[in-house]
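Here is what each chain is made of, one letter per residue.
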Protein chains: 2
Amino acid sequence: MLVLGNDDVERLLGMKDCIGALETMYRDYAHGRALLSPRVDNLVPTRLDGAYYAFKHMGGAWPAKGVQALRLNSDVITHPVVAGKPRRVKQPLAQGRWVGLVLLFSTETGALLAMFPDGIMQRLRVGAASGIAMKQLAREDVRTLALLGSGWQAGAQLMAALAVRPWREVRVYSPSRQNREAFVVKARERHGANIVAVESAPACVAGADVIMAGTSSMARVIEPHWLRPGMHLSCIKTQEVDGEVLDGCHTVFVHTREQAKQIDNVMKDTPNVPSQSSRGWWNDGSHNVARYPDLAQLVAGLAPGRRRPEEITCFVNNVGMGLQFAAAGALLLDKARQAGVGRELPDDWFTEEVHP
Amino acid sequence: MLVLGNDDVERLLGMKDCIGALETMYRDYAHGRALLSPRVDNLVPTRLDGAYYAFKHMGGAWPAKGVQALRLNSDVITHPVVAGKPRRVKQPLAQGRWVGLVLLFSTETGALLAMFPDGIMQRLRVGAASGIAMKQLAREDVRTLALLGSGWQAGAQLMAALAVRPWREVRVYSPSRQNREAFVVKARERHGANIVAVESAPACVAGADVIMAGTSSMARVIEPHWLRPGMHLSCIKTQEVDGEVLDGCHTVFVHTREQAKQIDNVMKDTPNVPSQSSRGWWNDGSHNVARYPDLAQLVAGLAPGRRRPEEITCFVNNVGMGLQFAAAGALLLDKARQAGVGRELPDDWFTEEVHP
């Protein structure tokens, strides 16, 4: 059983490879050759004042690669009000750290193959989904990217955009000047591209071919009057757009339509549990996720993408899929074994000689 | 993070303690103070001929003890026909061993506290459920026990019966003479009680106060004409009894009524997937599990148990609950820490400094 760290995942797993692995998986999934396990959110009270404990898990089996993945998060969550708006904050109470894990099993032998933290892969797969959608939906000749957000997720969105199109200019806007400038310095160091920080959202999107949102906002960040013929829009959560924006687009894809399988499992008296209704519906209740085709259908050619250069296309990552961890995980495991990376623990600690 | 083995679980966890821990948990659960996570069965094809891969997981959070448990099974399963009847066989393909694991998390910090194989705890908690039901439902003065079955599960059923009532005689029957005699030799060594093997099922149940089934049979093993006033019946799966037997009882309890939360998630083209319909209904389709109260209601006094000595009572363990692993797991962890047992792995292998 191989134990890997986030540093291993970061070193071994590039965005381009990740996009390739996920694309193949989506195609299989669209044809019924991969199984999505429902995401389950268990929420119960905890002792910390105003907090609740959330145990989330999702999974997926991809027989072509012989893997079953289980990704889980074990978090104490609070909702402090910052600048008048409630935020969702995961408290790092495990000796100052967070707890998110991916377990990979063999569908051929049953064995637990590997365990590793989910953080690096988490944003890689969110980025890869946006990248795949952009590759399929954006015009070939897009050259100016407007990136909204300068946090952890925005970094992976940038990696994905760089992986699928050549950019003349990337503009980054987020409300905090300090954050966006620090983000740009780091991004240039890493990618060497023409990446600049701009002073306002309008300055960011003016003349942009693609607007990519990668924020933690709970309210719309892409404004309807920004839409121009030929644009591609991309966002990592439903809250970043709304019905008005979607109605301004010709072609909209969501990440996954399989919403019914997501389960909220909440203990009574659990405080401060946020409404999760935005998963299946947009905030204003006007647009059901199921009315749009999804990324797997796009990749498999089962739903038409962009038809004309002047169309406006949009990809909304409405919710993650455990299968992404099966695809990225299988790739990671191959690479780790080839590179001889990770800590091997005795298999017999994780197997047994009795069974029910 | 503490890694324990089945030998540790066996040494540390006694049936009486286990019954005590589960009883407290059931009471909390009945009052909405513990959260059951749905059981999910993911079934996909695998390369082995005639086999499928099954990834099962179930969980539960018990805030009073600060634990969230996740129990998972990763199995390659075949259905060979033995003596004209299909059997469900888990293939030990992980270097000759099986894969079942319990993970315990802290609902206070989120940390992964422990990992251990599920085998020993699995049968302890099945036994404990039967023991709790027997303690609550059987007459105080029962003295003769008929045990049907001589396998792994039957062993735990015997432990449970011995933990809750003093027996004058325990009779064991199973179709294979060799198995039942070997079982009895081992049981006497371990428990020192008056335990005998008998030649037939009728000889086993004649004059018995309690009939306990602990078999792997897919067809009825308790016959309706065996029922006598004052008896208590117990079984570990719905198939061991049917509507006719249940109709002969005055009071029936199932293990859990929360069936709706159990999810079969099957990939198309998965071969040989058995029908799971017996979970919610008896094989003949006549008796819905939801028509009977459950063990948690019995323990909490929310549903009446035995009212008169001549009543016939029955407990049917229709399906397991992940919460049992939270209760037994919390107890195990306390005992392991007190005894300084297990392998401690560095916590930072299972935590991270980034999070989505």
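Residues numbered from 1 in each chain as written. Chains lettered and ligands numbered in written order. Predicted model: local features only at pLDDT ≥ 70, side-chain atom pairs only at ≥ 80, totals over all residues.

Engineer: With reference to specific residues and values, describe the overall build of chain A.
Structural biologist: Scanning chain A from terminus to terminus reveals nine helices and 18 strands. Against the globule reference of 21 Å for 356 residues, chain A gives a C-alpha radius of gyration of 20 Å, in line with a compact fold. When the backbone C-alpha atoms are referred to their principal axes, chain A occupies close to 65 × 45 × 40 Å. (Helix = DSSP H or I, 4+ residues; strand = E, 2+ residues; numbered from the N terminus. Rg over C-alpha atoms; globule rule 2.2 N^0.38 Å.)

Engineer: Summarise the nonpolar core; cite the residues concerned and give the values.
Structural biologist: Across soluble globular proteins, you tend to see nonpolar side chains buried next to one another. Within the largest apolar cluster, 236 residues are counted, with the highest numbers of intra-cluster contacts made by L22(A), I211(A), A328(A), L22(B), I211(B) and A328(B). Residues contacting A328(B), with those up to four places away along its chain left out, are L13(B), C18(B), A21(B), L22(B), M121(B), L124(B) and R125(B). (Core = buried A, V, L, I, M, F, W, Y, C linked by C-beta atoms within 7 Å. Buried ≥ 20, exposed ≤ 12 C-beta atoms within 10 Å, placed from the backbone. Contact = placed C-beta atoms within 7 Å.)

Engineer: Tell me about the interface of chain B and chain A, and name the residues and values.
Structural biologist: With 58 residues of chain B at the interface, the matching set in chain A holds 59 residues. If you tally residues by element for the side of chain B that touches chain A, the top one is strand β2 (residues 35–45) of chain B, at seven residues. Across the side of chain B that touches chain A, the residue classes tally to 30 nonpolar, 18 polar and ten charged. (Nonpolar A, V, L, I, M, F, W, Y, C, P; charged D, E, K, R; others polar.)

Engineer: I'd like a description of the relation of the copies chain B and chain A, backed by residues and values.
Structural biologist: Its rotation angle being 180°, the transformation that places chain B on chain A also includes 0.0 Å of axial translation and leaves an RMSD of 0.0 Å. Those values place the two copies in the arrangement expected of a two-fold rotation axis. A share of 100% of the interface residues of chain B reappears at the interface of chain A, consistent with the copies meeting face to face through the same patch. (Least-squares fit on C-alpha atoms with pLDDT ≥ 70 in both.)

Engineer: Residue-level account of the sheet that holds strand β13 (residues 210–213) of chain A, with values.
Structural biologist: Residues and elements named next belong to chain A. The seven strands lie next to each other as β12-β11-β10-β13-β14-β17-β15, forming an open sheet whose pairing is parallel. Both edges of this open sheet fall to β12 (195–197) and β15 (251–254), since each of them pairs with a single strand only. Taking each pair of neighbouring strands and ignoring which way they run, the sheet shows an average axis angle of 15°. Summarising the sheet, strand β10 (residues 144–148) and β13 pair through four bridges and their orientation is parallel. Of the residues in β13, the one forming a bridge with L145 is V210. Each of β13, β14 (232–235), β15 and β17 (313–316) touches helix α3 (residues 119–137); the most contacted strand, β14, lies at about 170° to it. In this fold helix α4 (residues 152–164) packs onto β10, β11 (169–173) and β13, with an angle of close to 165° to the strand it touches most, β10. (Pairing = 2+ DSSP bridges. Axes fitted to C-alpha atoms, helices over the stretch in contact; angles between N-to-C directions.)

Engineer: So what's going on with the packing of α3(A) against helix α9 (residues 323–339) of chain A? Which residues, and what values?
Structural biologist: Geometry of a packed helix pair, given as the angle between the helix axes and the separation of the axes. All names here are of chain A. At a closest axis distance of 10 Å, the pairing of α3 and α9 adopts a crossing angle of 110°. The angle between the axes of α3 and α9 places the two elements in the roughly perpendicular class. Contact residues: M121, L124 and R125 in α3; Q324, F325 and A328 in α9. When the residues that make up the contact of α3 with α9 are grouped by side-chain class, the tally is four nonpolar, one polar and one charged. (Parallel < 35°, antiparallel > 145°, perpendicular 65-115°, else oblique.)

Engineer: Report on the sheet that holds strand β17 (residues 313–316) of chain B, specifying residues and quantitative values.
Structural biologist: Strand pairs in the sheet, formed through backbone hydrogen bonds, run parallel or antiparallel to each other. Residues and elements named next belong to chain B. Within the open sheet, the seven strands sit side by side as β12-β11-β10-β13-β14-β17-β15. Their pairing is parallel. Edge positions in the sheet fall to β12 (195–197) and β15 (251–254), since each has one partner strand and no second. Geometrically, the sheet is characterised by an average inter-axis angle of 15° between neighbouring strands, direction not taken into account. Examined bridge by bridge, strand β13 (residues 210–213) and strand β14 (residues 232–235) share three bridges and lie parallel to one another. Bridge assignment links M212 to a residue of β14, and that residue is S234. Most of the contacts of helix α3 (residues 119–137) go to β14, to which it runs at about 170°, and overall it touches β13, β14, β15 and β17. Sitting on the sheet, helix α5 (residues 177–191) is in contact with β11 (169–173) and β12, with an inclination near 170° to β12.

Engineer: Give me the environment of R125(A): which residues, what numbers.
Structural biologist: Residue and element names in this part refer to chain A. Tracing the chain through its elements places R125 in helix α3. Considered as a pair, R125 and A21 are 104 residues apart in the sequence and their alpha carbons are 10.0 Å apart. Residues contacting R125, with those up to four places away along its chain left out, are C18, L22, Q324, F325 and A328.

Engineer: Before we move on, could you go through unusual backbone geometry and cite the residues and values that matter?
Structural biologist: In this model, D269(A) sits at a positive phi of 75°, which is unusual for a non-glycine residue. You can see D269(A) is positioned in the loop between β16 (263–266) and α8 (295–299). When the 11 C-beta atoms within 10 Å are taken as the criterion, D269(A) is described as exposed. With a phi angle near 50°, Q95(B) is a residue other than glycine that sits in the positive phi range. Within the element layout of this structure, Q95(B) appears in the loop between β7 (89–91) and β8 (100–106).

Engineer: Before we move on, can you summarise helix α2 (residues 15–30) of chain A with the specific residues and values?
Structural biologist: Given 3.6 residues to a turn, an α-helix orients residues that are three or four positions apart in the same direction. Residues and elements named next belong to chain A. For α2, built from 16 residues, the straight-helix expectation of 22 Å at 1.5 Å per residue is met to within 8% by its first-to-last C-alpha distance of 22 Å. Every buried residue of α2 is listed here: C18, I19, A21, L22, E23, M25, Y26, D28 and Y29. Against β2 (35–45), β3 (52–62), α3, α4, α8 and α9 lie the buried residues of α2. G32 lies just past α2 and shows a positive phi near 75°. (Expected span 1.5 Å × (residues − 1).)

Engineer: Talk me through the environment of A336(A); I want residue IDs and the actual numbers.
Structural biologist: Residues and elements named next belong to chain A. Note on placement: A336 falls in helix α9. C-alpha of A336 to C-alpha of L13: the two residues are 323 residues apart in sequence and 9.4 Å apart in space. Ignoring sequence-local partners within four residues, the contact set of A336 consists of L2, L4, D8, L12, V341 and G342.

Engineer: An account of the domain arrangement of chain A is requested, with residue identities and associated values reported.
Structural biologist: Residues and elements named next belong to chain A. Partitioning chain A into structural domains gives domain 1 (2–121 + 322–349) and domain 2 (127–316). Between the C-alpha centres of domain 1 and domain 2 the distance comes to 22 Å. Contacts between the two partners involve 24 residues from domain 1 and, on the opposite side, 28 residues from domain 2. For the side of domain 1 that touches domain 2, the elements supplying multiple residues, two or more each, are α2 and β2. In terms of residue count, α2 provides more of the side of domain 1 that touches domain 2 than any other element does, ten residues in total. For the side of domain 1 that touches domain 2, a count of residues per class yields 14 nonpolar, four polar and six charged. (Domains from an automatic or database assignment.)

Engineer: How would you sum up the packing of helix α2 (residues 15–30) of chain B against helix α4 (residues 152–164) of chain B? Please name residues and give values.
Structural biologist: All names here are of chain B. Between α2 and α4, the shortest axis-to-axis distance is 9 Å and the interhelical angle comes to 80°. For the element pair α2 / α4, the angle class is roughly perpendicular. Residues M15, K16 and I19 of α2 form the contact with α4, whose participating residues are M159, A160 and A163. Along the lines of polarity and charge, the residues of the contact of α2 with α4 split into five nonpolar, no polar and one charged.

Engineer: Can you explain the pairing of β2(B)? Please cite residues and give values.
Structural biologist: Residue and element names in this part refer to chain B. In terms of residue burial, β2 counts as a mostly covered element, since nine of its eleven residues are buried. Relative to strand β3 (residues 52–62), β2 runs antiparallel, the two sharing nine bridges. By the bridge assignment, S37 is partnered in β3 with G59. Linking β2 back to β3 in an antiparallel pair, the connection comprises six residues, with G50 at a positive phi of about 70°. Taken together, the four bridges between β2 and strand β16 (residues 263–266) define a ladder with parallel strand orientation. Residue N42 lies in a different strand from β16, and its bridge partner there is N265.

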